[in-house]
Amino acid sequence: MTAMDIDVAGTPGSVDKEKKKILLVSPIARPLAGKKLTKKSLKLIKRAAKTKQLRRGVKEVVKALKKDQKGLCIIAGDISPIDVITHVPILCEEADVPYIYVPSKEELGAAGATKRPTSCTLILSGPLKGDASEEDKEKFSSEFDEVVKEVRELSSSFF
């Protein structure tokens, strides 16, 4: 075992897990979020799930996009068969909704407060539902805007 096989926390094998995640990603999963953007996106999904601003799964996301709901679409890159989600980026582009791929459907599902792996989620940018304080609204809005800005930069450099 080399020093490269041990991550920051000192646990061996986590580098192998990261490599396996990247190897399982579909070749059409572009733009693919890096580690930092993936972490920010998953954190934003957790916050959106608490405030009921999240649409999970292909069926719900497609329905929301067709109803012209705006937000940020996050798609898992390791879906098999990939045909299940190939139409989602096209719908996002038509609706002018930014989208990004993350490496793992399991992490996407866990962040969305479900036990099942999730193929795609849509974080709605609309007003918060329920009893959320002004501080929570501001924090969510600033995090959302920051992630959307990074996604747009990444996707503009991609094309």
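Conventions we followed
- Residues numbered from 1 in each chain as written.
- Predicted model: local features only at pLDDT ≥ 70, side-chain atom pairs only at ≥ 80, totals over all residues.
- Heavy atoms only, no water.
- Helix = DSSP H or I, 4+ residues; strand = E, 2+ residues; numbered from the N terminus.
- Core = buried A, V, L, I, M, F, W, Y, C linked by side-chain atoms within 4.5 Å.
- Buried < 20%, exposed > 50% of the residue type's maximum accessible area, 1.4 Å probe, protein only.
- Contact = heavy atoms within 4.5 Å.
- Arc of directions from axis to C-beta.
- Pairing = 2+ DSSP bridges.
- Salt bridge = Lys/Arg side-chain N within 4 Å of Asp/Glu carboxyl O.
- pLDDT = per-residue confidence, 0-100.
- Phe/Tyr/Trp six-rings, centres within 6.5 Å; stacked < 30°, edge-to-face > 60°.

1. Focus: the environment of Lys139
Here is step 1: Position of Lys139 among the secondary structure elements: in helix 6 (residues 134–158).
Here is step 2: For the pair Lys139 and Arg47, spaced 92 residues apart in sequence, the C-alpha to C-alpha distance is 9.6 Å.

2. Some thoughts on the nonpolar core
Here is step 1: Counting 42 residues, the largest nonpolar core has Leu72, Cys73 and Ile123 as the members making the most contacts within it.
Here is step 2: Listed by contribution, the elements that provide at least two residues to this core are helix 2 (35–50), helix 3 (58–66), strand 2 (71–76), helix 4 (88–94), strand 3 (99–102), helix 5 (105–111), strand 4 (120–124) and helix 6.
Here is step 3: Among the elements that make up this core, the one with the highest residue count is helix 2 (six residues).
Here is step 4: Beyond its immediate stretch of four places on either side in the chain, Leu72 contacts Leu44, Val97, Pro98, Thr121, Leu122, Ile123, Phe144, Val147, Val148 and Val151.

3. Looking at helix 3
Here is step 1: Taken together, the buried positions of helix 3 are Val58, Val61, Val62, Ala64 and Leu65. The buried residues of helix 3 occupy an angular sector of 165° when projected down its axis, which confines them to one face. For helix 3, the exposed residues set more than 90 degrees away from the buried face come down to Lys59 and Lys66.
Here is step 2: Buried residues along helix 3 sit against strand 1 (54–56), strand 2, helix 4 and strand 4.

4. A word on the pairing of strand 3
Regular strands have side chains that alternate between both faces of the sheet.
Here is step 1: Residue alternation in strand 3 divides its side chains into two sets, Tyr99 and Tyr101 and Ile100 and Val102, and both sets are buried.
Here is step 2: Here strand 2 pairs with strand 3 via four bridges, running parallel. In the sheet register, Ala76 faces strand 3, and the bridge partner there is Val102.

5. Brief notes about the pattern of salt bridges
Here is step 1: Applying the stated rule across the entire model yields four salt bridges.
Here is step 2: Salt-bridge contacts for Glu146 lead to Lys40; the nearest nitrogen and oxygen are separated by 2.8 Å. One end of the pair, Glu146, is in helix 6; the other, Lys40, is in helix 2, with 106 residues separating them in the sequence.
Here is step 3: What makes Glu146 partly exposed here is its relative accessible area of 39%.

6. Focus on the environment of Pro98
Here is step 1: With respect to the secondary-structure elements, Pro98 resides in the loop between helix 4 and strand 3.
Here is step 2: Sequence-wise, Pro98 and Lys149 are 51 residues apart; in three dimensions their C-alpha atoms are separated by 9.3 Å.
Here is step 3: Beyond its immediate stretch of four places on either side in the chain, Pro98 contacts Gly71, Leu72, Cys73, Val148, Val151 and Arg152.

7. Focus on the confidence of the model for the chain
Here is step 1: Of the residues in the chain, 82% have a pLDDT of 70 or more, and the chain-wide mean is 86.
Here is step 2: Segment residues 1–10: pLDDT under 50, and 10 contacts once partners within four positions in sequence are set aside and those in other chains are kept.

8. Some points on the packing of aromatic side chains
Here is step 1: Counted under the stated rule, the structure contains two aromatic pairs.
Here is step 2: Residues Tyr99 and Tyr101 carry aromatic rings whose centres are separated by 6.3 Å and whose planes lie at 85° to one another, so their mutual orientation is edge-to-face. For the pair shown, Tyr99 and Tyr101 are each scored as buried.
Here is step 3: Seen from their ring centres, Phe140 and Phe144 are 6.0 Å apart, and the 25° between their planes marks the pair as stacked. Here the residue Phe140 and the residue Phe144 both occupy positions in helix 6, the gap between them amounting to four residues, near one helical turn. Take Phe140 and Phe144: they sit in the same class, and that class is buried.

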